[in-house]
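So you can see what is in the structure, the chains are spelled out below.
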Amino acid sequence: LHLFDEPQKGEDHASKAPEAQVAQVAQVAQVAQVAQVQEDNDVRLILFESGGFEFATYLLQAKEVIETQEYRPVANTTSYFLGFANVRGDVVGLIDLNTKFNLPAKGPENRRALIVFDHDNGLFAMQVDRIVGVISIEKSNIDIHPPIKSRIPEQYLTAVAKMSDRFVSVVD
(Lines give C-alpha, C1' and ligand atoms only; values in the text may rest on other atoms or scores of the structure.)
Protein backbone atom coordinates (compact mmCIF):
# COMPACT_ATOMS: atom_id res chain seq x y z
CA LEU A 1 0.00 0.00 0.00
CA HIS A 2 1.60 3.19 -1.17
CA LEU A 3 -1.12 5.84 -0.86
CA PHE A 4 0.15 6.90 2.56
CA ASP A 5 3.68 7.37 1.29
CA GLU A 6 5.02 10.87 0.71
CA PRO A 7 5.01 12.04 -2.92
CA GLN A 8 8.21 11.98 -4.93
CA LYS A 9 9.66 15.20 -6.39
CA GLY A 10 7.87 16.23 -9.56
CA GLU A 11 4.54 14.57 -8.71
CA ASP A 12 1.47 16.64 -9.54
CA HIS A 13 -1.06 16.92 -6.69
CA ALA A 14 -3.21 19.27 -7.13
CA SER A 15 -25.43 16.19 3.33
CA LYS A 16 -25.68 12.71 4.71
CA ALA A 17 -25.61 9.58 2.55
CA PRO A 18 -28.93 8.03 1.57
CA GLU A 19 -29.94 5.01 3.67
CA ALA A 20 -29.44 2.69 0.71
CA GLN A 21 -25.86 3.89 0.26
CA VAL A 22 -25.09 3.44 3.97
CA ALA A 23 -26.59 -0.05 3.84
CA GLN A 24 -24.47 -0.86 0.78
CA VAL A 25 -21.30 0.33 2.52
CA ALA A 26 -22.19 -1.75 5.59
CA GLN A 27 -22.85 -4.77 3.37
CA VAL A 28 -19.50 -4.39 1.60
CA ALA A 29 -17.77 -4.02 4.97
CA GLN A 30 -19.37 -7.24 6.16
CA VAL A 31 -18.35 -9.03 2.95
CA ALA A 32 -14.80 -7.67 3.31
CA GLN A 33 -14.51 -9.10 6.82
CA VAL A 34 -15.99 -12.50 5.94
CA ALA A 35 -14.54 -13.05 2.45
CA GLN A 36 -10.97 -13.83 3.41
CA VAL A 37 -10.78 -17.13 1.51
CA GLN A 38 -10.26 -17.00 -2.23
CA GLU A 39 -9.47 -19.58 -4.89
CA ASP A 40 -5.95 -19.76 -6.28
CA ASN A 41 -7.00 -18.47 -9.71
CA ASP A 42 -9.21 -15.62 -8.47
CA VAL A 43 -8.57 -12.20 -6.98
CA ARG A 44 -11.21 -10.27 -5.06
CA LEU A 45 -11.41 -6.53 -5.62
CA ILE A 46 -13.36 -3.74 -3.96
CA LEU A 47 -14.78 -1.55 -6.73
CA PHE A 48 -15.31 2.12 -5.93
CA GLU A 49 -15.85 5.48 -7.61
CA SER A 50 -13.95 8.66 -6.97
CA GLY A 51 -13.90 11.88 -8.99
CA GLY A 52 -16.22 10.36 -11.59
CA PHE A 53 -13.90 7.41 -12.30
CA GLU A 54 -14.11 3.76 -11.30
CA PHE A 55 -11.21 2.17 -9.43
CA ALA A 56 -10.51 -1.04 -7.53
CA THR A 57 -8.26 -2.15 -4.70
CA TYR A 58 -7.44 -5.62 -3.45
CA LEU A 59 -9.99 -6.86 -0.91
CA LEU A 60 -7.45 -8.71 1.20
CA GLN A 61 -5.40 -5.53 1.65
CA ALA A 62 -8.37 -3.64 3.10
CA LYS A 63 -9.07 -3.91 6.80
CA GLU A 64 -12.66 -2.69 6.47
CA VAL A 65 -15.06 -0.43 4.59
CA ILE A 66 -17.06 2.08 6.61
CA GLU A 67 -19.13 5.20 6.06
CA THR A 68 -17.36 8.55 6.22
CA GLN A 69 -16.37 9.65 9.73
CA GLU A 70 -15.81 13.07 11.26
CA TYR A 71 -12.13 13.93 11.33
CA ARG A 72 -9.75 16.40 12.92
CA PRO A 73 -7.58 18.38 10.46
CA VAL A 74 -3.85 18.68 11.10
CA ALA A 75 -1.85 21.83 10.30
CA ASN A 76 1.02 21.84 7.80
CA THR A 77 0.24 18.55 6.07
CA THR A 78 -0.05 17.74 2.36
CA SER A 79 -3.22 18.88 0.60
CA TYR A 80 -4.56 15.34 0.24
CA PHE A 81 -4.20 14.48 3.95
CA LEU A 82 -7.51 15.41 5.59
CA GLY A 83 -6.55 14.66 9.19
CA PHE A 84 -7.29 11.96 11.75
CA ALA A 85 -10.51 10.17 12.65
CA ASN A 86 -11.39 8.00 15.63
CA VAL A 87 -12.60 4.65 14.29
CA ARG A 88 -13.67 2.40 17.17
CA GLY A 89 -10.87 3.78 19.34
CA ASP A 90 -8.16 3.62 16.67
CA VAL A 91 -6.52 6.73 15.21
CA VAL A 92 -6.92 6.58 11.42
CA GLY A 93 -5.25 8.99 8.95
CA LEU A 94 -7.61 10.08 6.15
CA ILE A 95 -6.51 10.58 2.56
CA ASP A 96 -8.72 12.41 0.05
CA LEU A 97 -8.30 10.27 -3.04
CA ASN A 98 -9.69 12.95 -5.37
CA THR A 99 -7.01 15.42 -4.25
CA LYS A 100 -4.24 12.78 -4.17
CA PHE A 101 -4.98 11.76 -7.77
CA ASN A 102 -5.88 15.27 -8.99
CA LEU A 103 -9.45 14.18 -9.81
CA PRO A 104 -12.48 16.46 -9.99
CA ALA A 105 -13.76 17.36 -6.54
CA LYS A 106 -17.28 16.19 -5.83
CA GLY A 107 -17.59 18.02 -2.52
CA PRO A 108 -17.42 16.58 0.99
CA GLU A 109 -21.16 15.86 1.06
CA ASN A 110 -20.68 13.28 -1.69
CA ARG A 111 -17.90 11.37 0.08
CA ARG A 112 -19.70 8.40 1.44
CA ALA A 113 -17.17 5.74 2.25
CA LEU A 114 -13.76 5.06 3.75
CA ILE A 115 -11.64 2.07 2.81
CA VAL A 116 -9.40 1.41 5.82
CA PHE A 117 -5.94 -0.14 5.49
CA ASP A 118 -3.32 -1.23 8.02
CA HIS A 119 -0.03 0.29 6.75
CA ASP A 120 3.48 0.11 8.20
CA ASN A 121 2.95 3.69 9.46
CA GLY A 122 -0.40 2.84 11.09
CA LEU A 123 -4.03 2.80 10.04
CA PHE A 124 -5.14 5.01 7.16
CA ALA A 125 -8.26 5.30 5.03
CA MET A 126 -8.96 6.41 1.48
CA GLN A 127 -12.01 8.64 1.32
CA VAL A 128 -13.93 7.71 -1.85
CA ASP A 129 -17.16 8.92 -3.40
CA ARG A 130 -19.00 5.60 -3.59
CA ILE A 131 -18.51 1.88 -3.06
CA VAL A 132 -19.70 -0.10 -6.07
CA GLY A 133 -19.21 -3.61 -4.67
CA VAL A 134 -16.87 -6.57 -4.36
CA ILE A 135 -16.02 -8.72 -7.37
CA SER A 136 -14.02 -11.86 -7.98
CA ILE A 137 -11.88 -11.85 -11.12
CA GLU A 138 -9.43 -14.38 -12.56
CA LYS A 139 -5.78 -13.50 -12.05
CA SER A 140 -5.27 -13.79 -15.82
CA ASN A 141 -7.57 -10.75 -16.22
CA ILE A 142 -5.31 -8.55 -14.09
CA ASP A 143 -2.62 -6.76 -16.12
CA ILE A 144 0.14 -5.83 -13.65
CA HIS A 145 1.95 -2.51 -14.31
CA PRO A 146 0.18 -1.68 -17.58
CA PRO A 147 2.11 0.52 -20.05
CA ILE A 148 -0.14 3.58 -19.84
CA LYS A 149 0.42 7.26 -19.22
CA SER A 150 -1.79 8.73 -16.52
CA ARG A 151 -2.00 11.71 -14.18
CA ILE A 152 -2.02 9.08 -11.43
CA PRO A 153 1.60 8.26 -10.52
CA GLU A 154 2.77 4.82 -11.65
CA GLN A 155 3.54 3.76 -8.07
CA TYR A 156 -0.18 3.97 -7.18
CA LEU A 157 -1.73 2.61 -10.39
CA THR A 158 -0.43 -0.92 -10.16
CA ALA A 159 -2.74 -2.88 -12.46
CA VAL A 160 -5.73 -2.85 -14.76
CA ALA A 161 -8.59 -5.30 -14.24
CA LYS A 162 -10.02 -6.49 -17.56
CA MET A 163 -13.72 -7.02 -16.94
CA SER A 164 -16.19 -8.28 -19.55
CA ASP A 165 -17.55 -4.79 -20.30
CA ARG A 166 -14.82 -2.38 -19.14
CA PHE A 167 -11.34 -1.81 -17.74
CA VAL A 168 -10.84 -0.74 -14.12
CA SER A 169 -7.69 0.85 -12.69
CA VAL A 170 -6.37 -1.03 -9.65
CA VAL A 171 -4.72 1.23 -7.07
CA ASP A 172 -2.37 0.22 -4.29
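Reading the values: rules and limits
Residues numbered from 1 in each chain as written. Predicted model: local features only at pLDDT ≥ 70, side-chain atom pairs only at ≥ 80, totals over all residues. Heavy atoms only, no water. Helix = DSSP H or I, 4+ residues; strand = E, 2+ residues; numbered from the N terminus. Buried < 20%, exposed > 50% of the residue type's maximum accessible area, 1.4 Å probe, protein only. Areas by Shrake-Rupley, 256 points an atom, 1.4 Å probe, with all protein chains shown as cover. Contact = heavy atoms within 4.5 Å. pLDDT = per-residue confidence, 0-100. Core = buried A, V, L, I, M, F, W, Y, C linked by side-chain atoms within 4.5 Å. Salt bridge = Lys/Arg side-chain N within 4 Å of Asp/Glu carboxyl O.

S.K.: Lay out the overall build of the chain in plain terms, naming residues and giving numbers.
M.R.: Helices and strands together make up the secondary structure of the chain, namely two helices and eleven strands. Listing every helix and strand of the chain by position from the N terminus yields α-β-β-β-β-β-α-β-β-β-β-β-β. Relative to its 172 residues, the chain shows a buried fraction of 45%. Looking at the chain as shown, the accessible area adds up to about 9,500 Å², and 48% of this sits on carbon and sulfur atoms.

S.K.: Outline the environment of A125, supporting the account with residue identities and numerical values.
M.R.: Looking at the element boundaries, A125 is found in strand β7 (residues 122-128). Sequence-wise, A125 and D96 are 29 residues apart; in three dimensions their C-alpha atoms are separated by 8.7 Å. Apart from residues no more than four positions distant in its own chain, A125 is found in contact with V92, G93, L94, I95, L114, I115 and V116.

S.K.: Would you mind going over unusual backbone geometry in detail, with residue names and values included?
M.R.: One non-glycine residue, R88, lies in the positive phi region at around 50°. Looking at the secondary structure, you find R88 in the loop between β4 (81-87) and β5 (90-96). Residue N102 is not a glycine yet carries a positive backbone phi of 55°. Note on placement: N102 falls in the loop between α2 (97-100) and β6 (113-119). Overall, the relative accessible area of 19% leaves N102 in the buried class.

S.K.: Describe the confidence of the model for the chain, naming the residues involved and giving the relevant values.
M.R.: Summary statistics for the chain give a mean pLDDT of 80 and a share of 74% for residues scoring 70 or more. Note on residues 7-18: pLDDT under 50 across the span, and 18 contacts to partners over four residues away in sequence or across chains. Predicted confidence is poor over residues 30-38, with pLDDT under 50, and the contacts of this stretch with residues over four places away or in other chains come to twelve contacts.

S.K.: An account of the nonpolar core is needed here, citing residue identities and associated values.
M.R.: Residues F48, F101, I115, M126, V128 and I131 are the most contacted members of the largest nonpolar core, which totals 22 residues. Elements represented by at least two residues in this core include exactly β1 (42-50), β3 (62-66), β6 and β7. V43, I137, M163 and V168 belong to the second largest nonpolar core, which has twelve residues in total.

S.K.: Can you lay out the pattern of salt bridges for me, pointing to particular residues and giving the numbers?
M.R.: Counted by the stated rule, this structure contains five salt bridges. The residue R130 makes a salt bridge to E49 at a minimum N-O spacing of 3.0 Å. Of this pair, R130 sits in strand β8 (residues 130-138) while E49 sits in strand β1; the two residues are 81 residues apart in sequence, bridging distant segments of the chain. A residue is classified by how much of its surface remains accessible, and R130, at 27% relative accessible area, is partly exposed. The partly exposed category is assigned to E49, whose relative accessible area is 27%. With a shortest N-O distance of 2.9 Å, D165 and R166 are connected by a salt bridge. For D165, a relative accessible area of 59% gives the class exposed. The class of R166 is partly exposed, set by a relative accessible area of 29%.

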